[in-house]
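Commentary on secondary and tertiary structure
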Amino acid sequence: MATLELSDEQLSVISKACELLSRIYMGQLEEVAWLFSSLPEARYQELTETLKALNSVITLMPKQAHFGIRDERVPEEARCAYDIHQVIRYHLAWKQQPNEGFGINFDKPLPYGRISLPTINE
């Protein structure tokens, strides 16, 4: 087991990267457009539509469709990345609002990958 010391900002970056990786593997390529949200609206929409069109090349499904995280066609690496994202998201949500909160960020992480969920210790 390895130990890594990270700031909350670094955890947030890792969480976003893991979420993006898992979404790309599920065929949600349009999520890449979020990285370029500062583009002018017309260019942003063009980028989003182009990414959606590429989805059908990768998944062989309609451009609006994508796999779920449990789908057998989604690689294990995507599930592991999503598990890491969930754990970090949960940790940061409760750290920022220790008394209570609502929404998916406050839901206890569930394992989707074959390996154990990572842990975060303060």
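Scroll up for the structure.
Values in this document were obtained by computation on a predicted structure and should not be read as measured data. (Residues numbered from 1 in each chain as written. Predicted model: local features only at pLDDT ≥ 70, side-chain atom pairs only at ≥ 80, totals over all residues. Heavy atoms only, no water.)

All right, on to the packing of helix α1 (residues 8-25) against helix α3 (residues 76-96) then. As a packed pair, α1 and α3 sit with axes 8 Å apart at the nearest point and diverge in direction by 145 degrees. Between α1 and α3 lies a crossing of left-handed hand. Together, Asp8, Leu11, Ser12, Ile14, Ser15, Cys18, Glu19, Leu21, Ser22 and Tyr25 of α1 and Glu77, Ala78, Ala81, Tyr82, Ile84, His85, Ile88, Arg89, His91, Leu92 and Lys95 of α3 make up the contact between the two elements. Grouping the amino acids of the contact of α1 with α3 by side-chain chemistry returns 11 nonpolar, five polar and five charged. (Axes fitted to C-alpha atoms, helices over the stretch in contact; angles between N-to-C directions. Helix = DSSP H or I, 4+ residues; strand = E, 2+ residues; numbered from the N terminus. Left-handed = near helix turned anticlockwise from the far one by under 90°. Contact = heavy atoms within 4.5 Å. Nonpolar A, V, L, I, M, F, W, Y, C, P; charged D, E, K, R; others polar.)

We now examine the side chain of Glu31. Locating Glu31 in the fold gives a position in the loop between α1 and α2 (41-59). Classification of Glu31 by relative accessible area gives buried; the value is 11%. When near neighbours in sequence (up to four residues on either side) are disregarded, Glu31 contacts Leu20 and Arg23. (Buried < 20%, exposed > 50% of the residue type's maximum accessible area, 1.4 Å probe, protein only.)

Another point: α3. Think of an α-helix as turning once every 3.6 residues; residues three or four places apart then point the same way. Between its first and last C-alpha, α3 extends 30 Å over 21 residues, near the 30 Å set by a 1.5 Å rise per residue. Counting buried residues along α3, 15 of its 21 residues qualify, which places the element largely inside the surrounding structure. (Expected span 1.5 Å × (residues − 1).)

Honestly, that's just the spatial picture; any functional story needs more than this.
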